[in-house]
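Okay, here's what each chain looks like letter by letter:
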Amino acid sequence: MKIALVGFGDVGQAFATELLKWNHVSVAAFDTQFLGKGGWLWDHACAMGVQAVDCPSMSACGADVVISAVTADECEEAAMAAADCIMAGQYFFDLNSASPKTKQRAASHIECAGGLYVEGAIMAPVAERGLHVPILSGGAHAMVLATRLNPLGMSITPFSADIGRVSAAALCRNLLVEGLEALLDDCLAIARHAGVEKAVYQSLAEDFPSIDWAGLVHAMRPDSTENHPATTAEMLEAADMMDEFGYDGRLERALAFHKKCGTGGNIAQ
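These numbers come from a predicted model, not from an experiment. (Residues numbered from 1 in each chain as written. Predicted model: local features only at pLDDT ≥ 70, side-chain atom pairs only at ≥ 80, totals over all residues. Heavy atoms only, no water.)

A few points about the overall build of the protein chain
Heads up, the condition is: Each helix corresponds to a stretch of at least 4 residues labelled H or I by DSSP, and each strand to a stretch of at least 2 residues labelled E; elements are numbered beginning at the N terminus. Between the two quantities, the radius of gyration covers C-alpha atoms and the globule rule is 2.2 Å times the number of residues to the power 0.38. Should any heavy atoms of two residues lie within 4.5 Å, those residues are considered in contact. Note on areas: Shrake-Rupley with a 1.4 Å probe; residue coverage comes only from the protein chains shown.
A count of helical and extended segments in the protein chain gives 12 helices and 8 strands. Since a compact globule built from 269 residues should have a radius of gyration of about 18 Å, the 20 Å found for the protein chain is in line with a globular shape. Seen through its principal axes, the protein chain has C-alpha atoms that stretch 60 × 45 × 35 Å. Sequence-distant contacts in the protein chain: of pairs separated by 6 or more residues, those separated by 24 or more amount to 65%. Accessible surface, the protein chain as shown: approximately 13000 Å² in total, 57% of it carbon and sulfur.

Shown next as structure tokens:
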């Protein structure tokens, strides 16, 4: 089996590491950083045993499954690029955290070209579980693709025949996680600044005794001071989803701004 990865970031690298342990599996990958056939990411891919290529069509050539794992704002663009080279009967597994309508447009590009589009939604941190991370899948071909990839170590659960539902599930989950992280981040910064951190934790512990608030802050805070373009794009997609469903997406856009600033509770400065 040949797997083609469009996007060789954290997800692509984690998946490739596990997939290449199978003797009957080969992995090709394209990433925008591969343009020019050089650089540290290109060298890293080649060292892993991945066939690195500098155009999407070369990675997809002869592949049984094309897995798209780019940033949310590149979801539809990646599908359009793949549609130019995808062959009839080829699977396109779209794992990007984009809004339901974005996923539906992506599916249209692939299906008009004769490909088999399957929507995917990663439902836990890839860094902790790698290839085994739980994934919900959607679309008419979701069940068949799961039977092909799960024996390789993937954990795909077909969820809906309708494109967009699993993306909504992932965005809602991630919205809660990112929102909680942002609130904890700002709360901790202000509580420390005011010298009331201990009192805040004690009060929260009385109202929510099952939650270790100090531990939760520690677990969610490590990367909060860094700029995360991927998460920023995902929160903007969450805002688009809110708009699509007739809700107000201003909170989600504020979270995107919080992630873009990457200032860890000091945005006002």
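After that view, the rundown keeps rolling.
Section: the packing of helix α8 (residues 165–194) against helix α10 (residues 213–220)
What counts here: Interaxial angles span 0 to 180 degrees and are taken between N-to-C directions of axes, which are lines fitted to C-alpha atoms, for helices over the stretch in contact. Roughly parallel means an angle under 35 degrees; roughly antiparallel, over 145; roughly perpendicular, 65 to 115; everything else is oblique. When residues are grouped by polarity, Ala, Val, Leu, Ile, Met, Phe, Trp, Tyr, Cys and Pro land in nonpolar, Asp, Glu, Lys and Arg in charged, and all others, Gly among them, in polar.
Contact pair α8 / α10: the axes reach a minimum separation of 10 Å and the direction vectors enclose 110°. It follows that α8 is roughly perpendicular to α10 by the angle criterion. Taking contact as the criterion, the partners of Val177, Leu180, Glu181, Leu184 and Leu188 in α8 are, on α10, Trp213, Leu216, Val217 and Met220. Residues that form the contact of α8 with α10 fall into these classes: 8 nonpolar, no polar and 1 charged.

As for the side chain of Ser160
Keep this limit in mind: A 3.5 Å cut-off defines polar contacts: any pair of N or O atoms within that distance qualifies, except that in protein one atom must be a possible hydrogen donor and the other a possible acceptor, and neighbouring residues in sequence count only when both atoms are side-chain atoms.
Here Ser160 is to be found in strand β8 (residues 155–160). In this structure the side chain of Ser160 is engaged in a polar contact, spanning 3.0 Å, whose partner is the backbone nitrogen of Asp162. Dropping the residues within four chain positions of it, Ser160 is found in contact with Ser137, Gly138, Gly139 and Arg165.

Let's talk about the pattern of salt bridges
When the charged atoms of two side chains lie near each other, side chains of opposite charge can form a pair. To keep things clear, this is the line we draw: The salt bridge definition used is simple: a Lys or Arg side-chain nitrogen within 4 Å of an Asp or Glu carboxyl oxygen. Note on classification: 1.4 Å probe, protein chains only; a residue is buried when its accessible area is under 20% of the maximum for its type, exposed when over 50%, partly exposed between these limits.
Evaluated as defined, the whole model comprises 8 salt bridges. When the shortest N-O distance is used, the salt bridge between Glu18 and Lys21 registers 3.3 Å. Since its relative accessible area comes to 22%, Glu18 is described here as partly exposed. Between Arg105 and Glu76 there is a salt bridge; the shortest N-O distance is 2.9 Å. Residue Arg105 is located in helix α5 (residues 100–112), and its partner Glu76 is located in helix α4 (residues 75–83); the two are separated by 29 residues in the primary sequence. You can call Arg105 partly exposed: its relative accessible area is 39%. Via salt bridges that share partners, Asp240, Asp243 and Arg253 belong to a single interconnected network.

Remarks on the sheet that holds strand β1 (residues 2–6)
Selection criterion: By definition, two strands form a pair when at least two bridges between them are found by DSSP.
Taken in spatial order, the 8 strands line up as β3-β2-β1-β4-β5-β6-β7-β8 in an open sheet, and their pairing is mixed. At either margin of the open sheet sits one strand with a lone partner, and together these are β3 (51–53) and β8. In this sheet, neighbouring strand axes are inclined to one another by 25° on average, regardless of whether the strands run parallel or antiparallel. Sheet topology places strand β2 (residues 26–30) next to β3; 3 bridges connect them, and they run parallel. If you follow Phe30 over to β3, its bridge partner there is Val53.

Digging into the packing of aromatic side chains
This is how the line gets drawn: In summary, the pairing rule links any two rings of Phe, Tyr or Trp, Trp by its six-membered ring, whose centres are within 6.5 Å, and it sorts them by plane angle into stacked for under 30 degrees, edge-to-face for over 60 and tilted for everything else.
As enumerated under the stated definition, the model contains 4 aromatic pairs in all. Ring geometry for Phe8 versus Phe34: centroids 6.0 Å apart, planes at 45°, classification tilted. Taken together, the residues span a long stretch of sequence, with Phe8 in the loop between β1 and α1 (10–19) and Phe34 in the loop between β2 and α2 (40–48) at a distance of 26 residues. Judged by relative accessible area, Phe8 falls into the buried class, the value being 1%. Ring centres of Phe208 and Trp213 lie 5.8 Å apart, and the angle between their planes is 65°; this geometry places the pair in the edge-to-face category. Looking at Trp213, the relative accessible area reads 13%, which means it is buried.

Brief notes about the nonpolar core
Heads up, the rule is: Throughout this description, the term nonpolar core refers to a set of buried Ala, Val, Leu, Ile, Met, Phe, Trp, Tyr and Cys residues connected via side-chain atoms within 4.5 Å.
Ranked by internal contacts, the top residues of the largest apolar core, which has 37 residues, are Phe8, Phe15, Phe93, Ile135 and Leu149. Counting residues per element, the ones that place at least two in this core are β1, α1, β2, α2, β4 (65–68), β5 (91–94), β6 (116–122) and α7 (142–149). If we skip the residues at most four places from it in the chain, Leu149 touches Met1, Ile3, Val65, Phe93, Met154 and Ile156. Residues Ala4, Val66, Ala83 and Phe92 belong to the second largest nonpolar core, which totals 20 residues.

Some details on the confidence of the model for the protein chain
In plain terms, the rule: Confidence per residue, as judged by the predictor, is encoded in pLDDT with a range of 0 to 100.
For the protein chain, per-residue confidence averages 89 on the pLDDT scale, and 94% of positions sit at 70 or higher. Ignoring residues within four places in sequence, the model shows residues 264–269, a span with pLDDT below 50, making 12 contacts including any to other chains.

Focus: α2
This is how the line gets drawn: Here the arc refers to the directions that run from the helix axis out to each C-beta atom.
Regarding α2, the residues found buried are Leu41, Trp42 and Ala45. All buried residues of α2 project into a common sector of 105° when viewed along the axis, lining one side. Opposite the buried face of α2, at more than 90 degrees from it, the exposed residues are Trp40 and Ala47.

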